[in-house]
Amino acid sequence: MATAAATSASEAEAEPKAGPTAEGEEDEVKAARTRRKVLSRAVAAATYKAMGPGWDQQEEGVSESDGDEEYAMASSAESSPGEYEWEYDEEEEKNQLEIERLEEQLSINVYDYNCHVDLIRLLRLEGELTKVRMARQKMSEIFPLTEELWLEWLHDEISMALDGLDREHVYDLFEKAVKDYIYMEATFAEYEEWSEDPIPESVIQNYNKALQQLEKYKPYEEALLQAEAPRLAEYQAYIDFEMKIGDPARVQLIFERALVENCLVPDLWIRYSQYLDRQLKVKDLVLSVHNRAVRNCPWTVALWSRYLLAMERHGVDHQVISATFEKALSAGFIQATDYVEIWQAYLDYLRRRVDFKQDSSKELEELRSAFTRALEYLKQEVEERFNESGDPSCMIMQNWARIEARLCNNMQKARELWDSIMTKGNAKYANMWLEYYNLERAHGDTQHCRKALHRAVQCTSDYPEHVCEVLLTMERTEGTLEDWDIAVQKTETRLARVNEQRIKVAEKEAALAQQEEEKAEQRKRARAEKKALKKKKKTRGADKRKAEEDDEKEWGDDEEEQPSKRRKVEDSTPSAGEAQDREPEAGLLGKSVPVDVDPPSKQKERAAALKRDVPKVPHDSSKDSITVFVSNLPYSMSEPDVQLRPLFEACGEVAEIRPIFSNRGDFRGYCYVEFKEEKSALQALELDRKNVEGRPMFVSPCVDKSKNPDFKVFRYSTALEKHKLFVSGLPFSCTKEELEEICKAHGTVKDIRLVTNRAGKPKGLAYVEYESESQASQAVLKMDGMTVKENVIKVAISNPPQRKVPEKPEARRAPGGALVPRQIYGARGKGRTQLSLLPRALQRPGAPAARAENGPAPRPAVTTSAATEAPKMSNADFAKLLLRK
């Protein structure tokens, strides 16, 4: 059947070659293309049908009915090609465009695994049997194919095997399949079922070898399956294992797999390119990887430097290398020293191009021009951006000076360069002078060496002894007596001055250290005095309390007969009868009697008692698992239980909603929601931060804080999340949809959360979660510093600061022996100024007031300081006063 279908297909292909008329040429060509396409699909359907139940037809969507339909469609297309022409033309055009795109992508990056798979799928769908065979062959040369890809290829080749040569080709494919390390038991079983002859021994050996290899690689593959992306640590371990075995193809493959998920990790690119540079040394492959590396991580100067070296190593044209260097300068490095490094790499390359045997050459002039340009670039471009040149030791100028002195025999230019180096703040360092001295010793003369050392003795401040020793050594071996005397005089004078300066500095440091010690001692004494004063006050208070207790025992009977003022204050709320008795007393005396008012402490106690009397909302702690606590609700809700019930019934059957009201009957903004089932309560937690009447509603588990004081509810992670971004500086008018429109241009956005306050107002902050870390890193590079509605936003990887856990208040022992917590002050600590919370109406005047019109003026209030300084009288003192009368 397959042969008949193929014959029909060949006849259909021959039809458009018969010479169509000029008038309908275009229509005939389209019709022929349509027939050829449909018949080729019919061939595939017929061959798959002939394979029997061994072939999984549903894998490619081909069944017996599909084959019959397509074959019938082919027959119909022969009789009336225009009927399906528009449908197949549109589909074919779309697929052809996609095939061209994939082929172009593979020409740029031949190691794009997904591109290979998609291209094979489309070519197979279009019936391009020759092209799909070439695509599979090309992919198998680069990657080990999976079991599914091998089985698909083998079934296609089996269906087209018509003679002995085709069968030999299928045998070869089976042998290649079992050589790959992927699990191939199904492939081998298929081979055994298909082959009519006994299986060759070589195939069996390769199969057993593949199974042995599988056991070695299995742990690493399983680790990758269990880990979450980007799985860098697992890939690193896999790479180490492969590099120990040393199979270049497999090492390359595991690097490529790791880079799919870690393309923004510079160290991985460096390791990969280093392996290729040292082991494979294949020009196209090496340069392709270097190019991909700098495209993925352009901010890493080490990748650019290695790229320039690789291009030079493989003999790339000078113009291409220079253009690559210019791209590196515009890559946007993150520190000034990176620009120095890339300039040094490029200057080293230019220096290796020069033939210094010639007095002058084009390459030498280009090298000197590059040195001049490098110095200007660091001074203008780099210093303006980083406020430093990145080359404080002037390494580029030093290299230039060495080249001029050693290779060009131009000591005059070298001395000019060293003069410039010293004027840039390097004259105080001994090592810089000794470097210049060594250059003069090697390529200059003794006169300039002596001159350099004399200048070094006068200017060096870090290690002048070293410079003086070098000068004396030179004069001892080469100088005259006069030179020796001058050197000794200069070195002794300089060292004496240096010693004086060092002594002054040491004295100053000692004085500062002594001052610090004295301050520390003063602070220590002040703390000790303060502690002693507190201890003394506690002792005095204990003695007073003991004396009062003794006096109360002695004068207990009198106190019962004469109630004290304190008792009057405590019983200051008069009854109706007492109020009537006091009125005539006031009239007889002719003056107003002040009404007794409770002190603030008493008022607080009464308020607390009133709150205790208010019936609390009953809650059974045994139902915490099926109850959620809802807070931050609008206070304006008149019937919260009725308004919230439809919202929570979407999570499950609600047993009860218990809102909390104040004493005046106002809703306090929180409630308890009890469900029938625990899964409903868990589902209700998903409603956290849902907007309710303009405010974010907080939904948290119902937990008894007295039993779990450390329980905290925070639904978001506070650790580093490399796939999530923190965006700040957003305009308050920016919506979630607007931000998503901006972010989705850099990757797949999974979630966006705008941060709001308790009232639901935006804070200008947001968290954006991407599908992968690579997308998040790319978004940081693109979005940081972007302007959104005239606001410049800042974007960074989400890494919230660690929350500080408040220390638990220390307990202190009360005089009676009970443990009471130490006073806890506010978030800003104990203030220096303690404000009085006593109402003005109850405060006593601070100074004597004028005499009243009726009766004497009220007594002046005693100030706080006076009250604390004056000794309090005990009951015994009052008794003595009474006895004197």
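Scroll up for the structure.
Since the model is a prediction, treat every value here as computed from it, not as a measurement.

A. Just the packing of helix α5 (residues 113–126) against helix α7 (residues 147–160), in detail. Packing of α5 against α7 brings their axes to within 13 Å, and their N-to-C directions diverge by 25 degrees. Our classification of the angle between α5 and α7 gives roughly parallel. The interaxial crossing formed by α5 with α7 has left-handed handedness. Contacts between α5 and α7 involve Tyr113, Val117, Ile120 and Arg124 from the first element and Leu149, Glu152 and Asp156 from the second. Taken together, the residues of the contact of α5 with α7 sort by class into four nonpolar, no polar and three charged.

B. Main features of a positive patch on the surface. A grouping of Lys519, Arg523, Lys524, Arg527 and Lys531 is seen on the molecular surface, where their side chains present a positively charged patch. For arginine 523, the position within the fold is in helix α24 (residues 481–554). Given a relative accessible area of 46%, arginine 523 falls into the partly exposed group.

C. Highlighting the sheet that holds strand β1 (residues 627–631). Read across the sheet, five strands follow the order β2-β3-β1-β5-β4 without closing on themselves; strand pairing throughout is antiparallel. One side of each edge strand has no neighbouring strand; the edge strands of this open sheet are β2 (654–661) and β4 (690–692). Each strand of the sheet is rotated relative to its neighbour by a mean of 30 degrees, with strand direction disregarded. In terms of strand pairing, β2 meets strand β3 (residues 667–675) through six bridges, oriented antiparallel. Each residue of the ladder has a partner; that of valine 654, found in β3, is phenylalanine 675. Those strands touched by helix α29 (residues 640–649) are β1, β2, β3, β4 and β5 (695–701), and its axis lies near 140 degrees from that of β2.

D. Quick peek at the sheet that holds strand β8 (residues 762–770). If you walk across this open sheet you meet the four strands as β7-β8-β6-β11, and the pairing is antiparallel. Two strands close off the open sheet at either side, each with one partner strand: β7 (749–756) and β11 (794–798). For this sheet, the mean inter-axis angle between neighbouring strands, taken without regard to orientation, is 25 degrees. Bridge analysis of strand β6 (residues 721–728) against β11 gives five bridges, and the strand direction is antiparallel. The partner of glutamate 721 across the bridge, within β11, is serine 798. Sheet strands in contact with helix α31 (residues 736–743) are β7 and β8, and its direction is about 135 degrees off that of β7. Contacting β6, β8 and β11, helix α32 (residues 773–783) crosses the sheet at an angle of about 25 degrees to β6.

So, how was this worked out
Residues numbered from 1 in each chain as written. Predicted model: local features only at pLDDT ≥ 70, side-chain atom pairs only at ≥ 80, totals over all residues. Heavy atoms only, no water. Axes fitted to C-alpha atoms, helices over the stretch in contact; angles between N-to-C directions. Helix = DSSP H or I, 4+ residues; strand = E, 2+ residues; numbered from the N terminus. Parallel < 35°, antiparallel > 145°, perpendicular 65-115°, else oblique. Left-handed = near helix turned anticlockwise from the far one by under 90°. Contact = heavy atoms within 4.5 Å. Nonpolar A, V, L, I, M, F, W, Y, C, P; charged D, E, K, R; others polar. Patch = residues over 30% accessible without salt bridge, like charges linked within 9 Å, V, L, I, M, F, W, Y side chains within 5 Å. Areas by Shrake-Rupley, 256 points an atom, 1.4 Å probe, with all protein chains shown as cover. Salt bridge = Lys/Arg side-chain N within 4 Å of Asp/Glu carboxyl O. Lys, Arg positive; Asp, Glu negative; His and termini not counted. Charge placed at Lys NZ, Arg CZ, Asp CG, Glu CD. Buried < 20%, exposed > 50% of the residue type's maximum accessible area, 1.4 Å probe, protein only. Pairing = 2+ DSSP bridges.

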